[in-house]
Structures are given as C-alpha cells and as structure tokens.
Amino acid sequence: MKGDPKNLGFSTRAIHAGQEPDPRTGAVAVPIYQTSTYVQHQLGETPQYEYARVQNPTRSALEAQVAQLEGGHAGHAFASGMSAIQALMTVLKSGDHTVVSRNVYGGTFRYFTRLLERMGLSFSWVDTTDLGAVEAAFGPETKMVFLETPSNPVMDITDIAAVAKMAHTRGARVAVDNTFLSPYLQRPLELGADFVVHSTTKFLNGHSDSIGGVLISSTAEDAEWFAFVQKSIGAILSPFDSFLTMRGIKTLAVRQARHEENARRIVDFLVEHPKVQRVLYPGLPDHPGHEIQKRQAHGFGSMITIEMGSFEAAKALLDRVRVMSFAESLGGVESLISHPASMTHASIPPERRAELGLTDGMVRLSVGIEDAADLLADLEQALA
Ligand SMILES: *Cc1c(COP(=O)(O)O)cnc(C)c1O
C-alpha cells in the first residue's frame, strides 16, 4: 500500500504496517535479511545499517508493525518473551521497587525473585484486582507497576486505567504483559500504560513455531533506551523469527475472532458439564472482572481455566484428549491443554500456589481455531 496506515482499521494495519515493499525488487513480503553485517560506502559516513545485532531490516519491519498495532511510539523485538521482560526491567536501578500482579507468568516470577532481587530490586506481590491493595503497596522507591491481565491461569482482571492513574501520581510507570489478549483485544497504552510486553511465541506469531518477544514503548526517550539495550545486551530476535512473527501477525484479527468464537462455545459446554466444578473465563457474567474486561478490552480471549476438583480428575482429562494437544504454551492455531501447577507454574512454591488459588485440579485450555464441533466432541469423550 501507499501512505501511512495509521488511520486505517486494525486488520488493515496488521497486514500493512511496517510492510514496505522491498526497495530492490518490490517483493510484497519483507525479505529475510540473513546477514550479520552490511557494506559501508565511505569512511566517516553514518550508515543506516552497520551490524545486525543493532539493526536488521526484517526485525525493523516487525517492530514497526507491532508498534502500530499497540499504538506505541516504537517496538523492539527480542529473542523471547522473557528477554523482552528483561529489557523492560533495565529502566530500573538497584534500590527501585516494583508492584507486581501476584499471579504473573511463572517465568516472570522466577526472573524477578531469583535474579532481579539478587541485583537489589525489590517487589511487592499484590492482588492488583484490589486497587486498595495496589495503593497500599506503593512506597517512596516504587518506580514500576507490572501487570498481567487476564492473569495466568486464574484469570484475574486488573483495571489498567485505574492503576495507571494511581501510579502516575506517585511517579511510577506501568507495564502490561499483554500476551493473553494481543493488541486485537486489548491495547494497554490507550488505557494509560507506559509499556507493553508480549511473548510473540503465543498469539502474535500464533502458529507455535517460533519463540520471541516484543516490547512496545510510548515515548521517544524510552525507545532510544531500548534500542541501546538491544545493542548492549544483544538478546535480539533473529531475521527468520522476525519474518515468521510478522507473517503470523497479518492474520491476527481473523485468528483472534475465531479463537474467541470457539472459546465461547466451549465455555457454554463446560459450565453445564457435571464433572467441571468451576469455569474461570472473564466472558462469564458472574466472573468478578467481567465488567472491567468489557470496558477495557474488545473481547474476552480464548484462554479458559477449569477446576476439576482433584489432581486425579485433571489427569484423567489431560490423558484422554485426542484433538487437543497436552502441552505448555498457548495462542497457537491448535488447541492446547495443560496443567499449570506442574507445568507453567511449577517454579512457584506449592504454598504460594495455594495462596493464589492455583490448585492441582486446575486445567488450562488455549482454544485453537479448529472446527468447534471437533473440539467439543473431544472434550465430551475425554470427560465421559
Ligand atoms: C509465555 C509467556 C511469557 C514468556 O515468553 P517466552 O516467549 O516463553 O519467553 C511471558 N508472559 C506470558 C504471559 C507468557 O504466556
């Protein structure tokens, strides 16, 4: 396309933002620039591209695409979601304090408690659905609030705008891990957040064939810092993974719509099933975060957590599914089913899991885009 896609619809931007035709050939798909370095024309000139840790055209195209979709100033792509979170946390210094959603992704918990605490950062693990608890956790050293909403796997919903307002009056900045919804369903920067991180491994790439992360910032100053971090630490996304992720993002809108349509049908089935004790899904009207989710997002997503009552009942379901795959991860075209307590959240001590309401009977579903009838039949036979 010609011109700036900024004012066009989400699906159009997902396909066109950052996707300039290749200047040499006019190739519609941004090529994979599989090179480590670039020839410089003259000594003393500042070239646009000098070394591929610092700049790569394939990665830049993906970064422009995600920045547009999240409504940010710039995006930076990293080797994994965790390395995007690592880059984010470099805005802090030793002595700084972070207020963090108490049930974030297990890897984030591990990184903050096992690595960052050793380096002099401190954390308060807070039920961020409770604004009073968030307020009480602020201290003079608080510089960051790190939210995950919906949270993983208990599906707590945090009011992003309310937390951002509170943080900004206290001199702290707000980051949201938006992996579970993607910018198609939720855009935290529009709600006042300062940073968004994603594991692109999940919905953005969407095909379970790449590990990656992006960090989207809202100011030129932050963007400049994160470019410096990419250059200095070097945990960049490869050209091939940048290509795959960019390709995945082009179908994000249609995938997300189908993911959610399937999820709603599965939720309707599960809430009626006698063997399922509880269904945690923000789309259910009795979910405590339902109204906030309706206000701040454009849908409810396709992650569902169910309570089977015991480890044995959870195991029986997981062992019997045929169409769904028993695996970690989420957000791919294929439906995945997992056991958070022993898989994604195994790095969280059992007593802490109990505090968070994360039980051994919980099963998490990432609903894919297969035919809903096949997914329903699979669950029906596995629960029989
Ligand atoms: C998977 C995940 C991460 C970590 O991403 P990787 O790409 O596996 O490093 C972070 N946050 C959330 C919510 C995730 O689901």
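Residues numbered from 1 in each chain as written. Predicted model: local features only at pLDDT ≥ 70, side-chain atom pairs only at ≥ 80, totals over all residues. Heavy atoms only, no water.

(A) Up close: the layout of surface pockets. What the largest pocket holds in volume is close to 360 Å³. Around the largest pocket, the lining is made up of 19 residues, and of these Val 154, Arg 278, Leu 280, His 287 and Pro 288 lie nearest the centre. Here the residues of the lining of the largest pocket are counted per class, giving 12 nonpolar, 4 polar and 3 charged. Structurally, the lining of the largest pocket is a two-domain feature, drawing no fewer than three residues from each of domain 1 (5-249) and domain 2 (252-383). (1 Å grid on protein atoms, 1.4 Å probe; cavity = no way out; pocket = protein on both sides within 12 Å on 5 of 7 lines; lining within 4 Å. Points joined across faces, edges and corners; volume = space filled by probe spheres on them. Nonpolar A, V, L, I, M, F, W, Y, C, P; charged D, E, K, R; others polar. Domains from an automatic or database assignment.)

(B) Spotlight on the site of the ligand. Residues in contact with the ligand, as listed here, are Ser 80, Gly 81, Met 82, Tyr 105, Glu 148, Asp 177, Thr 179, Ser 199, Thr 201, Lys 202, Gly 212 and Leu 330. The contact in question runs from an oxygen atom of the ligand to an N or O atom on the backbone of Gly 81, over 2.9 Å. Contact between the ligand and Asp 177: a nitrogen atom at 2.7 Å from a side-chain N or O atom of the residue. Out of a free accessible area of 380 Å², the ligand has 93% covered by protein chains. Grouping the amino acids of the shell around the ligand by side-chain chemistry returns 3 nonpolar, 6 polar and 3 charged. (Near = heavy atom within 4 Å. Polar contact = N/O pair within 3.5 Å; in protein donor to acceptor, adjacent residues only side chain to side chain. Areas by Shrake-Rupley, 256 points an atom, 1.4 Å probe, with all protein chains shown as cover.)

(C) Quick peek at the sheet that holds strand S3 (residues 122-126). With mixed pairing, the 7 strands of this open sheet are ordered in space as S1-S7-S6-S5-S4-S2-S3. Every interior strand has two partners, whereas the edge strands, strand S1 (74-78) and S3, have only one. In this sheet, adjacent strand axes meet at a mean angle of 20° when their direction is disregarded. Pairing between S1 and strand S7 (residues 213-217): 5 bridges, direction antiparallel. The residue bridging Ala 77 from the neighbouring strand is Val 214, located in S7. With respect to the sheet, helix H2 (residues 57-70) is in contact with S1, strand S6 (195-199) and S7, its orientation differing from that of S1 by roughly 130°. Against the sheet, helix H8 (residues 220-233) engages S1, strand S5 (173-177), S6 and S7, with an angle of about 20° to S1. (Pairing = 2+ DSSP bridges. Helix = DSSP H or I, 4+ residues; strand = E, 2+ residues; numbered from the N terminus. Axes fitted to C-alpha atoms, helices over the stretch in contact; angles between N-to-C directions. Contact = heavy atoms within 4.5 Å.)

(D) Quick look at the nonpolar core. Counting 42 residues, the largest nonpolar core has Val 145 and Val 174 as its most contacted members. Element by element, the count of residues in this core is highest for helix H6 (residues 160-169), at 5 residues. Lining this core are residues from two domains, each supplying at least three of them: domain 1 (5-249) and domain 2 (252-383). If we skip the residues at most four places from it in the chain, Val 145 touches Val 99, Phe 138, Val 163, Ala 167, Arg 173, Val 174 and Ala 175. In terms of nonpolar packing, the next biggest core, distinct from the first, is built from 27 residues, Leu 284, Ile 337, Val 367 and Leu 375 among them. (Core = buried A, V, L, I, M, F, W, Y, C linked by side-chain atoms within 4.5 Å. Buried < 20%, exposed > 50% of the residue type's maximum accessible area, 1.4 Å probe, protein only.)

(E) Here's a closer look at the pattern of salt bridges. Applying the stated rule across the entire model yields 10 salt bridges. Arg 258 is paired through a salt bridge with Asp 371; the nearest N and O atoms lie 3.8 Å apart. With Arg 258 in helix H10 (residues 252-272) and Asp 371 in the loop between strand S12 (362-366) and helix H14 (372-383), this pair connects stretches of sequence that are 113 residues apart. Note on Arg 258: relative accessible area 31%, which makes it partly exposed. For Arg 264, the salt bridge identified is with Glu 260, shortest N-O distance 3.5 Å. Here Arg 264 pairs with Glu 260, and both are found in helix H10, just 4 residues apart, close to one helical turn. Its relative accessible area of 37% is what places Arg 264 among the partly exposed residues. (Salt bridge = Lys/Arg side-chain N within 4 Å of Asp/Glu carboxyl O.)

Everything listed here is a matter of coordinates, which is why it stays silent on function.
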